[in-house]
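Here's the letter readout for the chains.
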Amino acid sequence: MNELVYQTLPPSWPLLPLRQCWAAVLWMLVCAAMVGAQASSTADQAGTAAVSGRVTLGGKPAADVIVALTPADAGEGNRLPVARAATDEEGRYRLTGVAAGRYRAQTMAPGYVSDEQKSDWYISWRTINVGAGEQIENLDFKLTPGGVMAGKVTDMSGRSLVAARLQLFRRSANGRMDTAPMTPNESLMYETNDRGEYRLFGLMEGQYFVAVGTNSPAFSFGNNFPQTYHPGTRSDKEAKPIAVTPGNESKDIDIRVNTERPKTYAVTARVVDAQTNQPLTGVEVSYGAAREAGRYTVAGPSANSDTRGLVRFEGLLPGRYGVVASVRSPAAGTPAYFSEYVPFEVTDGAVEGLELRASPGATLSGIIVIEGVTDAAMTTSLFAQLNGGLTVSGFSDVTSIGYAPMPVPINRDGSFRVNGLPSSTVNFRVEAQRAPGFLLVRIEADGQAMTEGLKVTAGQPRQGVKLVFAYGTAVVRGQMQLVNGVLPAGARTSVNARRTDVTNRSLSGRFADVDARGNFVLEGLAAGEYELTLSSYGPRFATPNAPPGAPPPQPAPPLTAKQKITVPAAGEVSVTMTLDVTAQTNPAGRQ
Amino acid sequence: MMNHKYSQCMVGFGLLWLCASFALAQTTNARRTGSITGRIVTEDGVPASGAQVFYTELGSSRPSPPRNVPAADAEGNFTINNLEARSYRVSASLPGYVTANEDDANRAARLGDYLTLQLVKGGVITGRVLSPRGEPVIGTTIFPYRVRDGAGKATISTSGGRAALSDDRGVYRIYGLFAGAYVVATGPATSFPGSPFLGVAPVFHPANTRDGATEVVVPAGSEVSGIDIRYRYDYGHTVSGKVSGAVTAEGARGSILIRLTPPGSQIMLANASVDPSRGQTGFELTGIADGDYEISALRFDRERGSAWSAPRRVTVRQANVSGLELGLSPMAVITGKVVVEPLAAPNAETCGKSRQAALPATLNEILLTAQIVTKMNSSNSSLPPGFVANMVALAEDGTFSITSLEAGGYRLLTDLPGETWYVKSLALPASKTANAGAFTLSAGEKLSVVVVTVAEGAAQIRGKWSGKANSATGGKQRVHLVPADAAVASDVSRYYEAPIQSDGTFALTHLAPGKYWLIVKVAQPLGEGERLVRPLAWDATARAALRKEAEASAQSVELGACMRLSDYKLK
């Protein structure tokens, strides 16, 4: 259960240290995906709008499919439907009593694949901006039966392996196996039963690799044999891809596992205070396998240091690892502690004498400035609005391991101070629902405007940081127009508004999804000149019928369109953005 | 979000908690640190190679999740090293198997112990989940809820089996079940948001709410098929309200768990957690079908003491229920200490052991349990399963604090390590001295100071019973040791009893010196919701009858200090 997902994400998306379970991992990833989405401030509570359409399965009406609207801007945990209905025999649905706002419209049909499906089992949606009282019709969904992969997992003597955990990897369009397994929504599906059988269903068409077992020490309990791919190899190079097509069952995808337990070794580490060299007690230490040079995953087993500052882990396979110590949620009155990441290698014996030198977390302090606002009362009021909505998060430059956002408390005079940060490149975010209208446009440190992210080091205070925010209430309403074709099913399209004078590459601007009708709404913009960038990402996975060994197709670059607009101090401005679908292969279109 | 994460994690933890029973085959004296060893076998005595072993410290005020050690080797042997002198629960897990003796789940293992853990093949329930049109319902989670144990007795204990998912044909398969009777239901949904089943009222086999559910009897190790569920999307109603009263505690963190169950049941049909320290007091439970329920709230803080709102009735009839106020009040607490009786004559009664070396370890290894005898709250749905806060280990100075107790009649049980110790006396505060060591705690009462005196020089009797178990009654025999001295006839701590194993062997340990009568009796069935055999001597009438019967049995034994009878022939 303890695995940090290490996935290729756009650099502005945080990687979070997750050691709970897959559900949480996926939840957090989807959360991360939501960062940057803007709140819809309009909502008529009564709700008189309606959304209707038709759901088809392989071209025929699909009955009894649940269609739901969930709030697009809510946290993933609050994503309960505001409206839902089952389709009738004609496949028609109608959602009524909908308040104005931004929603995700989605079919909830496990076992089936929606034309909107991006990557995973029944998590698919269309963004839809609903106006007050609007009657939206013909929001249709096309379903196809998901593919099925079934087989048996046995040991070398043919004995069934019960409750063995499966991992499913996509074969990317470039022909390689994805580095991270698919994150299961329903972890129960990814497990063999008491007869050693498994059945994975609701799969998108494509090519897959399937494996059982794990090399991660986090899984040193349960069926802890080394990761083995179908048909029975520990090498991902020898893993056999499995083609999955809609509505078909790929049978007998068996895996034969050599369950012989390899020899494992123990590792002992000691946590000391970097300043005093005294042992630190009760500090959480966790270790993980190194995935690639200079990149680590803290996968899991964690233990607290004892009174001598010692922790000991057993059961490590030979390989490269890293270990780190941290106190993230210290008791009142005691500091957070973080060590640097210490790499080590297990070859043929116990590893002793690792020392984790921990320092109290970094302190980051400075002042907030609201650009263009001179009135003192107004400034104080804006500080109060921003307080509670501003967070800082980040990820380690060494490990790419991130940490969850921490609130940045802001004083009446605009000064702020955050304690207990690990060594990292920090990211400031404004939670748009709590503090709408704020956009970070400049970071100054050491008297200079920064062109990239701000680094902090545990044990070292970082003072005098100036965060310059723009505040505004202007709204941009946009419409996307397609020329020379249509977007592929499953394309995901969003717009980013970036003020043209912002040079810091770590500052992201304002994002909005382009909805099912090609609409987008960017809210809370300050006056100024902006560049809008519309990007549409297509699917990125191999098709089932791509012949093995064929030169892999390159992942398609996003289709993009750019446009400059001038935003007034308040009110609305409309814009139409034209996306040329034939520009698909134009490398200049890449961001 | 917490709910989903929690539930998903619990599914995983279900695996960890597949516990195996154990029999203490041999004990040696405690050391400061050491190991626990043992062997895991399946029903035929075959070594359970590859079975996982977990251990967790018993009675800790800060319980940690079970830790695992390297799996059992080809002979089924395992070793847990580097243990401090404490009491542990050791359990074994092999997917598809369940523990042979469920009632040993809280038996303590200590340094130097050798355990034999037996696992037996679990049962299976399979079936399909179908829509009203007869189409498969895909991707819904089906949970087994055990309502009766293998002997047909109502139970609140764990099912052993895990939830299962219906596949693209609607087929589900739950395995690793204890013998017993089950109700099987689709929920409450723990699915990821985006699941169509969230907030849908659980549907029980064959097509009903809990009231109309059909029990599925699973004989030991058997497969029961055709347990279909006719699914429907009933979004039910909501039950909402707020918590009030003792919702926060000094220094307490964490949230209040609100549970909705059928009356008198442990089946959690819906739950929510609120965190008052973050300003939350309101709760809303969704997907509640029409029916009668019990709702309770619990803020569990083992260290500082818990607070709860005892179960109360809620009826849902075609409408939402709102405005409930669950007032939390602190739970009762017992504090006290264990003292070691000074030696009258040095070395006289130490059974040849060095007392100074053994003493600190002894205190760390003692467990005390506040065993509820009579519940004031009539419902069994009161506390979540696995709520075992009533067992504590001692602090370094011998003091203890048992928090989180509901109102009721109690007795204090002492679980001693090693061989040389016995409970000499139990001193209750003056207000609680009546009734032979039984006492009553009112809601929120703080009872202090209870003093348990332990002394050295315990005797023990090991032996074999020559009688034959009466299989017709299905009961198990227990040997009882009854004090012959009339002066202690009402002292419950002088009555001992132990189970007779299937091979006829038994072991009575930690016995106070003195003269006793022995008698074998069929074990009383477990009380409603009870997991431990209630000693016969706890009840005054039964105690008097037992003493009379024992006296007539004409089997007596005079136990001197440190006496070890190792081959006693019991009639």
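All of these numbers come straight from a predicted model, not from anything done at the bench.

**Student:** Would you take a moment to explain the overall build of chain B for this structure?
**Tutor:** Helix and strand counts for chain B come out as three helices and 38 strands. For chain B, with 571 residues in total, the buried portion stands at 47%. Counting contacts in chain B only where the partners sit at least 6 residues apart, residues at least 24 apart contribute 75% of the total.

**Student:** When you look at the overall build of chain A in this model, what are you seeing that I'm missing?
**Tutor:** In terms of helices and strands, chain A carries two helices and 43 strands. Classification of the 591 residues of chain A by burial places 45% in the buried group. In chain A, 74% of the contacts between residues at least 6 apart in sequence involve partners at least 24 apart.

**Student:** I would appreciate a short explanation of the environment of Glu 444 of chain A in the present structure.
**Tutor:** Residues and elements named next belong to chain A. As for its placement among the helices and strands, Glu 444 is situated in strand 33 (residues 438-445). A sequence separation of 20 residues divides Glu 444 from Gly 464, and the C-alpha atoms of the two residues are 8.4 Å apart. Glu 444 has contacts with Ala 449, Met 450 and Lys 466, leaving out every residue within four places of it along the chain.

**Student:** What is the right way to read the sheet that holds strand 18 (residues 256-261) of chain B from this model?
**Tutor:** Residue and element names in this part refer to chain B. The sheet built from seven strands is open, its strands ordered 19-18-21-22-23-17-20 with mixed pairing. The open sheet is flanked by strand 19 (270-274) and strand 20 (282-288), the only strands paired with a single partner. Between one strand and the next, the sheet's axes are offset by a mean angle of 20°, whatever the strand orientation. As defined by bridge partners, strand 17 (residues 237-245) adjoins strand 20 across five bridges and the pair is classed as antiparallel.

**Student:** Hey, could you run me through the nonpolar core in this one?
**Tutor:** Inside soluble globular proteins, nonpolar side chains tend to come together where they are buried. Residues Val 210 of chain A together with Val 53, Leu 119 and Val 184 of chain B are the most contacted members of the largest nonpolar core, which totals 206 residues. Take this core: its biggest share by element is five residues, from strand 31 (residues 446-456) of chain B. Formed by 72 residues, the second largest nonpolar core is a distinct cluster that contains Val 271, Val 495, Val 514 and Leu 559 of chain A.

**Student:** What am I meant to see in helix 2 (residues 376-386) of chain A here?
**Tutor:** Because the α-helix completes a turn every 3.6 residues, residues three or four places apart line up on one side. All names here are of chain A. Looking only at helix 2, the buried set comprises Leu 382, Phe 383 and Leu 386. Along the long axis of helix 2, the arc covered by the buried residues comes to 105°, so they all point the same way. With respect to the buried face of helix 2, the exposed residues turned more than 90 degrees away are Ala 377 and Ala 384. Its buried side turned inward, helix 2 meets strand 28 (362-370), strand 29 (390-395), strand 33 and strand 36 (462-471).

**Student:** Is there a simple way to explain the sheet that holds strand 41 (residues 528-537) of chain A in this structure?
**Tutor:** As a general point, the strands of a sheet are linked pairwise by backbone hydrogen bonds and lie either parallel or antiparallel. All names here are of chain A. One open sheet accounts for four strands, arranged 39-38-41-42; its pairing is antiparallel. In this open sheet, the two strands that pair with only one neighbour each are strand 39 (510-513) and strand 42 (559-567). Put simply, the sheet's adjacent strands are angled 20° from each other on average, direction ignored.

**Student:** Looking at this structure, I do not really get the confidence of the model for chain B. What am I missing?
**Tutor:** It should be kept in mind that the predicted coordinates are not to be read in detail where pLDDT is low. Residue and element names in this part refer to chain B. When the pLDDT values of chain B are averaged, the result is 82; 81% of them are 70 or greater. Looking across chain B, the model is least confident in strand 1 (residues 21-26), with a mean pLDDT of 28, and most confident in strand 15 (residues 223-224), with 98. Below a pLDDT of 50 lies the segment residues 1-31, which in the model reaches 96 contacts outside its immediate sequence neighbourhood of four places, other chains included. Under the prediction, the complex receives an ipTM of 0.81, its pTM being 0.79.

**Student:** Sorry, what's going on with the environment of Gln 278 of chain A here?
**Tutor:** Residues and elements named next belong to chain A. Topologically, Gln 278 is positioned in the loop between strand 19 (265-273) and strand 20 (284-292). Residue Gln 278 is classed as exposed on the basis of its C-beta count, with 10 C-beta atoms lying within 10 Å. Gln 278 sits 47 residues away from Pro 231 along the chain, and the two C-alpha atoms are 52 Å apart.

**Student:** I tried to follow the confidence of the model for chain A on my own but got confused; where do I start?
**Tutor:** Per-chain confidence: chain A averages 81 in pLDDT, with 80% of residues scoring 70 or above. Note that pLDDT drops below 50 for residues 585-591 of chain A; the model gives that stretch 11 contacts with residues more than four away or on any other chain.

**Student:** Which parts of the structure should I look at to understand the pairing of strand 32 (residues 459-465) of chain B?
**Tutor:** The side chains of a regular strand alternate, residue by residue, between the two faces of the sheet. Residues and elements named next belong to chain B. In this structure, strand 32 lies alongside strand 35 (residues 505-511), joined through five bridges in antiparallel fashion. Each residue of the ladder has a partner; that of Ala 459, found in strand 35, is Leu 511. As paired elements, strand 32 and strand 38 (residues 564-570) share five bridges and run parallel to each other. In the strand pairing of strand 38, Lys 464 is matched with Lys 569.

Parameters at a glance
- Residues numbered from 1 in each chain as written.
- Chains lettered and ligands numbered in written order.
- Predicted model: local features only at pLDDT ≥ 70, side-chain atom pairs only at ≥ 80, totals over all residues.
- Helix = DSSP H or I, 4+ residues; strand = E, 2+ residues; numbered from the N terminus.
- Buried ≥ 20, exposed ≤ 12 C-beta atoms within 10 Å, placed from the backbone.
- Contact = placed C-beta atoms within 7 Å.
- Pairing = 2+ DSSP bridges.
- Axes fitted to C-alpha atoms, helices over the stretch in contact; angles between N-to-C directions.
- Core = buried A, V, L, I, M, F, W, Y, C linked by C-beta atoms within 7 Å.
- Arc of directions from axis to C-beta.
- pLDDT = per-residue confidence, 0-100.

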